[in-house]
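The lines below spell out each chain.
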Amino acid sequence: MEQSNQPNETFNIAQIIKQKNLAAYFQPIMSVTGKKILGLEGLIRGIIPGAEKTIPPQQLFSAAHTAGLTIPLDRACRDAVLSAFLDYYQVNPDLLLFLNLDTAIIDEVGGSNYLCDQVDKSGISPKNIVIEINESKALNTSGLTKFVTTYKNKGFLIALDDVGAGFSNMDRIAGLKPDIVKIDRSIIKDMDHIYHKQEVFKSLVNLTNKIGALIVAEGVETRSEAIQVLKLGGQVIQGFYFAKPGNDFVLKAELIAKTAEVVDAYKALLLKELDDYNQKCLAYTQTVNGMIKALAVVDHPDEFDGQLTKCLTGAEAVDCAYVLDESGIQCSDTVGAKNIGACEKLVFHSAKMGVDHSIKNFYYNLIKRKQDTYISEPYVSMATGSLCITYSRVFRLAAKKYILCVDFLETQQPLATQLP
């Protein structure tokens, strides 16, 4: 059936609702690590009577809003989706149905029993129904909280949709304690090579883990994005990479095979990254060994700066280096292989001699845990604004203990170019 792309195409929204000229479409939500279809999101298309054309949901709900028929349309859509889902539910009683609810309706009708009645009549257990709501569109916070609590107590699952887009309120998310958090496509898009999106996703994974919720990555369109989701702690994926919404959902074997492909590719990436990491660590160690050898022969710590400058000449992989004393106080300047001064902005300043680093991991893990070497996770350097890792190593000069800290530049290479 052809989809109408004409925003002004005439149709009678009241007639469509009354005659239930609505078609249910489904998009699978895949548990990649579980290699199974976790659930289906129910979507809707309007049908223009007498024409082989469908009406996109945006046009459908826009027309209903204009006509003051949002609530009747919302209820009619749920009826269509529940009815169409029943066949899949009877084959697989563990399958979840993700059912969209216009959050603005909660402000109008609150916790009416209409949805419960619909589900009771459908023959589908409430435990199989995931009510998707967009918390940012709800004006009445107390009404939203009451709705979520009421329906969770009735056995329904609650999912917060489009998290990370627009004005999602992290405090509200934690307060609602949803069962599922769906991360918006705006975060997922290009996440395989945009570092700040990776950090946002990791933060959301951390938050959902703490409130006991499951992450669903929405809008995944490429294998690289799917693998990045796994890499950052996500396990459940929805998007065009697996399947577009349809009303002839018969691709189960193909979908399961695709999850296996993603898992295999992710395993291959982990092995490659481990090998690359070991190679980098070897190169880092050789660089640091050479620097310590140079520092250990000076007569006085005042000569550290000069030795660091000599060591870093031409060292393109090094962002900067500096030395701490045993108490964590910087006893050299921050010396860079490039012109650090050119990198300095209001928020990026290289640390000067005398700065206290005693609460930094690269100091604490060496001294307090009595380690000889420490390599940090990648982070943005406050010295230069570059993405780097810090390699710190203990050395001695005239029986005194010092710590050499070397910031190595990290590159964020798209996963698509890393995969074998």
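It should be emphasised that the depicted structure is a prediction, and the values quoted were computed from it without experimental measurement.

With that out of the way, let us pick up the pattern of salt bridges. Under the definition given, this model contains eleven salt bridges. One salt bridge connects Glu132 with Lys182, and the closest N-O pair in it is separated by 2.7 Å. Pair noted here: Glu132 is in strand 6 (residues 129–133) and Lys182 is in strand 8 (residues 180–183), with a separation of 50 residues, a long-range link. Residues Glu132 and Lys182 agree in their burial class; the two are buried. When the shortest N-O distance is used, the salt bridge between Lys272 and Asp276 registers 3.1 Å. One end of the pair is Lys272 and the other is Asp276, both in helix 11 (residues 252–295) and four residues apart, which spans about a single turn.

Another point: the nonpolar core. Ranked by internal contacts, the top residues of the largest apolar core, which has 75 residues, are Leu22, Leu60, Ile129, Ile131, Ile133, Ile183 and Phe201. No other element matches the eight residues that helix 3 (residues 70–91) contributes to this core. Met291, Phe304, Leu308 and Leu397 belong to the second-largest nonpolar core, a separate cluster that totals 23 residues.

Let us now look at the confidence of the model for the chain. Low pLDDT means the predicted atomic positions in that stretch should not be read closely. The predicted model of the chain averages 87 in pLDDT, with 89% of residues at 70 or higher. Within the chain, helix 15 (residues 415–418) has the poorest average pLDDT of any element, 42, and strand 10 (residues 236–238) the best, 97.

The next thing to look at is the packing of helix 10 (residues 223–231) against helix 11. Two elements in contact, helix 10 and helix 11, have axes separated by 10 Å at closest approach and are oriented at 65°. Considering the angle they form, helix 10 stands roughly perpendicular to helix 11. The two elements helix 10 and helix 11 meet at a crossing, and its hand is right-handed. Two secondary-structure elements touch here, helix 10 through Arg223, Ala226, Ile227, Leu230 and Lys231 and helix 11 through Val262, Ala265, Tyr266, Leu269 and Glu273.

Here we come to the packing of aromatic side chains. For the structure on display, the rule yields twelve aromatic pairs. Where Phe395 meets Tyr402, the ring centres are 5.8 Å apart and the plane angle is 25°; that geometry is what we call stacked. Each member of the pair Phe395 and Tyr402 is classed as buried. By way of ring pairs, the aromatic residues Phe26, Phe85, Tyr88 and Tyr89 are connected into one cluster. Sitting over the ring of Tyr241, Lys258 keeps its end group 4.3 Å from the ring centre.

What follows concerns unusual backbone geometry. Residues other than glycine seldom take positive phi values, yet Lys177 does so here, at roughly 50°. Although it is not a glycine, Ala398 adopts a positive phi angle of roughly 50°. By the secondary structure assignment, Ala398 is in the loop between strand 15 (387–397) and strand 16 (400–409).

Bridge count for strand 8 against strand 9 (residues 214–217) is four bridges, and the pairing is parallel. Bridge pairing links Lys182 to Val216 in strand 9. Where strand 9 meets strand 10, two bridges bridge the pair, whose relative direction is parallel. By the bridge assignment, Val216 is partnered in strand 10 with Val236. Read from strand 9 through helix 10 to strand 10, the crossover connection turns out right-handed.

Scoring rules and cut-offs
Residues numbered from 1 in each chain as written. Predicted model: local features only at pLDDT ≥ 70, side-chain atom pairs only at ≥ 80, totals over all residues. Heavy atoms only, no water. Salt bridge = Lys/Arg side-chain N within 4 Å of Asp/Glu carboxyl O. Helix = DSSP H or I, 4+ residues; strand = E, 2+ residues; numbered from the N terminus. Buried < 20%, exposed > 50% of the residue type's maximum accessible area, 1.4 Å probe, protein only. Core = buried A, V, L, I, M, F, W, Y, C linked by side-chain atoms within 4.5 Å. pLDDT = per-residue confidence, 0-100. Axes fitted to C-alpha atoms, helices over the stretch in contact; angles between N-to-C directions. Parallel < 35°, antiparallel > 145°, perpendicular 65-115°, else oblique. Left-handed = near helix turned anticlockwise from the far one by under 90°. Contact = heavy atoms within 4.5 Å. Phe/Tyr/Trp six-rings, centres within 6.5 Å; stacked < 30°, edge-to-face > 60°. Lys NZ or Arg CZ within 6 Å of the ring centre and 35° of its normal. Pairing = 2+ DSSP bridges. Right-handed = clockwise from strand over helix to strand, strands pointing away.

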